[in-house]
Structure formats: structure tokens, C-alpha cells
Amino acid sequence: MKGFRYLSNVATLELDQKRCVGCGRCLEVCPHQVFALEAKLARIVDRDACMECGACAGNCPVRAITVDSGVGCATGLINEWLREKKIPGVGGGGCG
Amino acid sequence: MADHLGACMARWGINRMDFLVPPGLYAIGAPTPEAPVLVTANYQMTYDLVRRALAGRNVWLLVLETFGINVWCAAGKGTFGTTELVRRVAESGLAKVVQHRRLTLPILGAPGVAAHEVQKATDFSITYATIRAEDIPEYLDNGERTTPAMRELSFTLYERLVLVPVEIVLVLKTLLVLGGGLYLVALLAGGSGAALTTVLGYLGAVFTGIAVAPVLLPFIPGRSFAVKGALAGIAFSAVFFALAGGALWSWPVQAASFLAFPAVSSFYTLNFTGCTTFTSRSGVKKEMRLGLPVLGGALLVSLLLVLAGALVY
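The present account deals with the structure reproduced in this document. All values reported here derive from a predicted model rather than from experimental measurement. (Residues numbered from 1 in each chain as written. Chains lettered and ligands numbered in written order. Predicted model: local features only at pLDDT ≥ 70, side-chain atom pairs only at ≥ 80, totals over all residues. Heavy atoms only, no water.)

**Quick word on the nonpolar core**
At step 1: With 65 residues, the main nonpolar core has Phe35 of chain A together with Phe80, Leu85 and Leu103 of chain B as its most contacted residues.
At step 2: A domain split of this core shows at least three residues from each of domain 1 (2-153) and domain 2 (159-312) of chain B.
At step 3: Those residues in contact with Phe35 of chain A that lie beyond four places of it in its chain are Leu13, Leu15, Cys26, Leu27, Cys30, Arg43, Ile44, Val45, Cys56 and Ile65 of chain A.
At step 4: Within the second largest apolar cluster, 16 residues are counted, among which are Tyr202, Val215, Phe236 and Val264 of chain B. (Core = buried A, V, L, I, M, F, W, Y, C linked by side-chain atoms within 4.5 Å. Buried < 20%, exposed > 50% of the residue type's maximum accessible area, 1.4 Å probe, protein only. Domains from an automatic or database assignment. Contact = heavy atoms within 4.5 Å.)

Here you go:
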């Protein structure tokens with residue numbers, strides 16, 4: 001995205017090119033132009049731009065893409081950690 | 001005007017749930033069985049934007065039940081998703097209304113939808129058209145082809161600004177509880193003047209983290225939101241120091257204010273990552289693993305400073 005760049009080397013996005021059928025769906029759904037189609041195969045060209053929304057993974061018909069997607073705000077992650085540790089949260093807040 | 005007022009109130013979280021458009025199939029203009037079918041959420045503001053963009057055209061609009069949540073957030077939750085889309089296609093009898101088998105979806109709805117599964121279940125194929133509703137007319141005129149610009153996200157000053165009210169409303173309860181507690185403690189420890197200063201500083205630090213830093217986001221150095229928030233918080237601390245007569249405070253209190261306020265701002269700016277469309281969950285996790293101990297440490301040290309200062313002075 002023009003003018004905005006988040007941390008480098010953190011995104012969990014992976015593409016298994018061996019499974020790719022070259023349908024181009026990942027290029028269609030990605031709002032950050034992370035993928036490119038080369039020789040009829042998708043390729044990750046800008047992993048650091050990935051916001052891990054999961055659109056590409058969910059829309060890939062051959063499950064060639066994996067990414068750890070989900071809530072991305074501090075409050076949401078804290079609540080998630082509390083739930084995992086089974087500690088009753090302070091509740092409220094966040095995008096729910 | 002009434003629409004506009006309602007929209008503003010909904011942004012502040014007032015009567016948000018009254019802003020529901022009944023889900024189902026709507027005809028915009030006089031669409032034929034060949035007209036495209038656009039899919040959207042039943043959040044009034046989204047629906048209004050789409051309807052306005054489509055004014056004067058003849059298309060079908062399939063509104064999904066997203067419980068008054070916008071497309072992007074609903075896709076994240078999965079309510080703008082495969083299951084709801086499949087159900088809504090069946091319930092609306094869409095297959096009898098139109099002759100083609102194509103659905104046009106907003107790109108930001110894609111995280112909730114698996115296009116191939118929808119096609120398997122309904123026979124309708126999915127095209128993700130544009131990010132913004134304003135681009136739909138050009139998309140339709142363009143032979144239903146997406147240009148690179150229609151796929152490019154933006155995060156303009158205005159787009160950041162409209163997020164601030166919601167963020168403030170979400171923390172009001174916390175502010176009341178923590179601010180009240182802080183006031184009482186400071187009142188007992190240092191009298192009403194100190195209590196007022198403490199609470200004002202706290203509220204200012206929160207506001208800096210929640211509103212000032214997000215609005216100034218691209219102008220604050222660094223990529224880390226925690227760092228951006230801390231920098232904004234340090235700037236706030238300096239301004240507050242000057243305005244509140246910090247020169248008269250004891251040095252432990254002075255030091256504490258420059259530790260605690262930036263920590264508070266930093267946390268709230270970090271939390272703003274939930275509102276952006278370019279931060280990744282893994283990035284936020286990393287920031288939290290590194291940042292939360294630092295923020296907690298800063299708060300603890302400033303508390304100890306104030307306590308020690310109170311004993312000595």
C-alpha cells in the first residue's frame with residue numbers, strides 16, 4: 001500500500017507452488033499485490049506487504065496457500081491469549 | 001441530512017444496531033435477468049454507499065446478513081462468508097430471477113468467502129470486483145474488468161479520522177474505571193490538584209495514542225505501532241509538562257510522567273493495528289511480545305518512582 005509499510009519478515013504466508021494450478025485467484029483477492037503470476041504459476045513477490053487477511057488461502061481451490069490469519073489488534077490478541085490460558089478476560093473492548 | 005446524522009451517530013456507536021438493512025435480493029432500477037448481481041453487507045452505511053454508486057443503473061443487489069457490520073470486518077468474522085452467501089442465494093431464489101450464474105463481490109469480502117465452494121454449492125461463479133464501492137460504476141463500464149487501481153488499498157487521512165470515534169467509544173468504560181481509580185489514588189496521595197493533573201495527563205496520553213498518533217500515522221517515524229505511539233506519547237508528555245507546570249513537580253514525578261504517559265499512548269496506538277488494513281497479525285504479535293514487557297516495566301517503574309518520591313519528599 002502506497003505510503004504504508006509494516007514490519008518486515010513477520011508474515012506467515014506460504015505458497016506451495018507444486019500444488020498451484022495457476023488460476024490467479026490469489027492475485028484477484030489480494031489487496032496488497034503480494035502475488036504475481038509467472039509461467040502460469042503464482043509466486044509470492046512481496047511477502048512483507050501481506051496483512052494475513054487469509055483471502056488468498058480461503059479462495060485457493062487447491063489449498064496451496066497457508067497463512068495464520070485472524071484478529072490483529074492488541075486487545076483482541078490479549079483476549080485470545082487469556083482464552084487459550086483459560087483465564088477469565090477483563091472482557092469488552094476490541095472489535096469482538 | 002437525517003441520513004448523515006444517523007451515519008455520524010452510528011460511527012460513534014450510537015444506535016448502531018438500528019442501522020440494519022433487511023438481507024435479501026434488491027432490484028436497483030429495472031434490472032433484467034441478464035443484469036449483474038452485486039453482493040454487499042447489511043450495514044446501512046455500506047448499503048447506502050453501494051446504492052449511491054449504482055444510482056441510475058439496472059443491477060441486482062444481494063444483501064447478506066452481517067448483523068450491521070461492514071464487509072471487511074464481517075468477512076474477518078465469517079458472517080460475510082460462504083455459508084451466508086450460499087444460504088442467501090438459495091433463499092432469495094436468485095437462480096430463478098437471473099439467467100446467468102455470476103456473482104460480483106467486493107474484494108475486501110474475500111477473506112470470508114471461498115469462491116470455489118460457493119460455486120460448488122450454488123453453481124454461481126464469483127468475481128471479486130473492487131475494493132471501494134465508488135469504483136463499481138467504472139468497473140461495470142469497463143466490461144466488468146478490475147484495474148490495478150481498483151485493487152489498491154488506501155488509508156487516507158479521512159479514512160483514519162473516521163475510525164477514531166469508534167475507538168474512543170470502545171475504551172470509554174476502561175477510561176472511566178482506570179481514570180476514576182487513578183483520581184482517587186492521587187487524591188489520597190497528593191490532594192485534589194495532583195489528582196486532577198494525573199487524570200488529565202492520563203486522558204491526554206490515551207487520546208494521543210488513540211487519536212493523534214493514528215491520524216498522524218505516516219508522519220511519525222518507524223514501522224512499529226508501539227514505537228510510533230511511544231514517540232507521540234513522549235511529545236505529549238513534553239507538551240503536558242509545559243502546560244501543567246511540570247517544572248514545579250518533584251523529579252521522580254517528572255520522570256514518572258515521561259515514562260507512564262508514553263507507555264499508555266504506545267499501547268493504544270498498538271491497538272489501532274486492528275483498524276488498519278496493512279498490519280499483519282504476526283507483526284502485532286511480535287510487537288506485543290517485545291513491547292508489552294517494556295510498557296509494563298515503564299508503568300511499574302513510574303509507579304515506584306512516585307511512591308518513593310512521596311516517601312522522600
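That shown, we press on.
**Regarding the interface of chain A and chain B**
At step 1: Across the contact, 44 residues belong to chain A and 44 residues belong to chain B.
At step 2: Across the chain A/chain B interface, buried area totals approximately 3,800 Å², and carbon plus sulfur atoms make up 58% of it.
At step 3: The three residues of chain A that bury the most area against chain B are Met1, Phe4 and Tyr6 of chain A, which together make up 19% of that side's buried surface.
At step 4: Counting every contact that joins chain A to chain B gives three salt bridges.
At step 5: Asp68 of chain A is the partner of Lys285 of chain B in a salt bridge, and the nearest nitrogen-oxygen pair spans 3.5 Å.
At step 6: The interface formed by chain A and chain B contains 19 residue pairs in polar contact (both at pLDDT 80 or more).
At step 7: Residue assignment for the side of chain A that touches chain B shows that the elements contributing at least two residues are helix H1 (25-29), helix H2 (55-59) and helix H3 (74-84) of chain A.
At step 8: By residue number, the principal contributor to the side of chain A that touches chain B is H3 of chain A, which donates six residues.
At step 9: Broken down by class, the residue content of the side of chain A that touches chain B amounts to 22 nonpolar, 15 polar and seven charged. (Buried area = accessible area lost by both parts, 1.4 Å probe. Salt bridge = Lys/Arg side-chain N within 4 Å of Asp/Glu carboxyl O. Polar contact = N/O pair within 3.5 Å; in protein donor to acceptor, adjacent residues only side chain to side chain. Helix = DSSP H or I, 4+ residues; strand = E, 2+ residues; numbered from the N terminus. Nonpolar A, V, L, I, M, F, W, Y, C, P; charged D, E, K, R; others polar.)

**Details of the packing of H3 of chain A against helix H11 (residues 251-271) of chain B**
The axes of two packed helices give the description: the angle between them and the distance between them.
At step 1: One way to put it is that H3 of chain A packs onto H11 of chain B with a least axis distance of 7 Å and a crossing angle of 90°. What the angle tells us is that H3 of chain A and H11 of chain B run roughly perpendicular. Only Phe267, Leu270 and Asn271 of chain B of H11 of chain B make contact with H3 of chain A, whose side of the interface consists of Ala74, Thr75 and Ile78 of chain A.
At step 2: Per-class residue counts for the contact of H3 of chain A with H11 of chain B are four nonpolar, two polar and no charged. (Axes fitted to C-alpha atoms, helices over the stretch in contact; angles between N-to-C directions. Parallel < 35°, antiparallel > 145°, perpendicular 65-115°, else oblique.)

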